[in-house]
Amino acid sequence: MKRIKLLFVCLGNICRSPAAEAVMKHLVEERNLSHLFYINSAGIGAWHTGQLPDKRMRVQGAARGYLFDHRAQQVKREDFLRYDYLIGMDDENIHDLRRLATNKEQADKILCLANYLQKYAGEPTIPDPFYGGTKDFIWALDLIEDACKGLLDALTEA
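The structure reproduced in this document is the subject of the present report.

Here is what the cut-offs are and how they apply
Residues numbered from 1 in each chain as written. Predicted model: local features only at pLDDT ≥ 70, side-chain atom pairs only at ≥ 80, totals over all residues. Heavy atoms only, no water. Axes fitted to C-alpha atoms, helices over the stretch in contact; angles between N-to-C directions. Helix = DSSP H or I, 4+ residues; strand = E, 2+ residues; numbered from the N terminus. Parallel < 35°, antiparallel > 145°, perpendicular 65-115°, else oblique. Left-handed = near helix turned anticlockwise from the far one by under 90°. Contact = heavy atoms within 4.5 Å. Nonpolar A, V, L, I, M, F, W, Y, C, P; charged D, E, K, R; others polar. Phe/Tyr/Trp six-rings, centres within 6.5 Å; stacked < 30°, edge-to-face > 60°. Lys NZ or Arg CZ within 6 Å of the ring centre and 35° of its normal. Buried < 20%, exposed > 50% of the residue type's maximum accessible area, 1.4 Å probe, protein only. Salt bridge = Lys/Arg side-chain N within 4 Å of Asp/Glu carboxyl O. Core = buried A, V, L, I, M, F, W, Y, C linked by side-chain atoms within 4.5 Å.

### Comments concerning the packing of helix α2 (residues 55-63) against helix α6 (residues 134-157)
Running from N to C, α2 and α6 cross one another at 55 degrees; their axes reach a closest spacing of 10 Å. It follows from the interaxial angle that α2 and α6 lie oblique. Considering how the two elements wind past one another, α2 and α6 form a crossing that is right-handed. Two secondary-structure elements touch here, α2 through Arg56, Met57, Gln60 and Gly61 and α6 through Thr134, Phe137, Ile138, Ala140 and Leu141.

### Regarding the packing of helix α1 (residues 16-30) against α6
Close contact between α1 and α6 brings their axes to 9 Å; oriented N to C, the two are set at 50 degrees. Put simply, α1 runs oblique to α6. In this structure, the crossing between α1 and α6 has a hand that is right-handed. Contacts from Arg16, Ala19, Ala20, Val23, Met24, Leu27 and Val28 of α1 reach α6 at Leu141, Ile144, Glu145, Cys148, Lys149, Leu151 and Leu152. Looking at side-chain class alone, the contact of α1 with α6 contains eleven nonpolar, no polar and three charged residues.

### Concerning the packing of aromatic side chains
Applying the stated rule across the entire model yields four aromatic pairs. Pairing tyrosine 120 with tryptophan 139 gives two aromatic rings, centres 5.0 Å apart and planes at 80 degrees, and the pair type is edge-to-face. Here tryptophan 139 lies in helix α6 and tyrosine 120 lies in the loop between β4 (110-112) and α6, a separation of 19 residues in the sequence. When the ring centre of phenylalanine 130 is taken as origin, the NZ or CZ atom of arginine 56, which lies over that ring, is 5.5 Å away.

### Side note on the environment of leucine 6
Looking at the element boundaries, leucine 6 is found in strand β1 (residues 4-10). What makes leucine 6 buried here is its relative accessible area of 0%. Residue contacts for leucine 6: discarding those within four places in its chain leaves Met24, Phe37, Tyr38, Ile39, Asn40, Tyr83, Tyr85, Ile87 and Leu155.

### As for the side chain of aspartate 54
Considering the arrangement of structural elements, one finds aspartate 54 in the loop between β2 (37-43) and α2. Take aspartate 54: its relative accessible area is 12%, and that puts it in the buried class.

### Some remarks on the pattern of salt bridges
Counted according to the given criterion, the structure contains twelve salt bridges. In this structure, the salt-bridge partner of glutamate 145 is arginine 64, at a minimum N-O distance of 2.6 Å. Of this pair, glutamate 145 sits in helix α6 while arginine 64 is found in the loop between α2 and α3 (79-82), placing the two residues 81 residues apart along the sequence. By relative accessible area, glutamate 145 is classed as buried at 16%.

### Overview of unusual backbone geometry
In this model, asparagine 13 sits at a positive phi of 65 degrees, which is unusual for a non-glycine residue. Residue position: asparagine 13 is located in the loop between β1 and α1. On the basis of relative accessible area, asparagine 13 is assigned to the buried category, the value being 0%. Non-glycine residue asparagine 32 carries a positive phi angle of around 55 degrees.

### Considerations on the nonpolar core
One finds Leu6, Phe8, Met24, Phe37 and Leu113 to be the most contacted residues of the largest nonpolar core, which totals 52 residues. Elements with a contribution of two residues or more to this core: β1, α1, β2, β3 (85-88), α4 (91-100), β4 and α6. Per-element tally for this core: the top contributor is α6, with ten residues. The contacts of leucine 113, once residues within four sequence positions are left out, are Phe8, Ala20, Ile87, Gly88, Met89, Ile126, Ala147, Cys148 and Leu151.

Shown next as structure tokens:
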């Protein structure tokens, strides 16, 4: 069976998207599905290229048993050829991804992670915690965990 390739995307690839990458990898491993997925993350901008995730997100992730050790990278047009789905965290990320897509087939690969929320269904996006405090990082991670479960359910039911 062909591996499903996922690229989680946020603004700078140091808060939400590396958290989503690690959470999804954890969920996939828990369900013994690692052989069916390739999971990565990237940012719209290149400001943080090569950096670890924001320390505040790493602290919140570690408190839940996750290791957020991805090094930031920028999304590229070629990623539309490499990945089956590019999953944005908010409307701005989705808009920026749509600008990078060169055709309808590529645009159809763009998903919004918040569309897979279950417990928190109705929240429109995964908000960027970067300029917030601890509670903002906790909330973003709550949403990411919920949405990743929903996304994995949707992908494995198909």
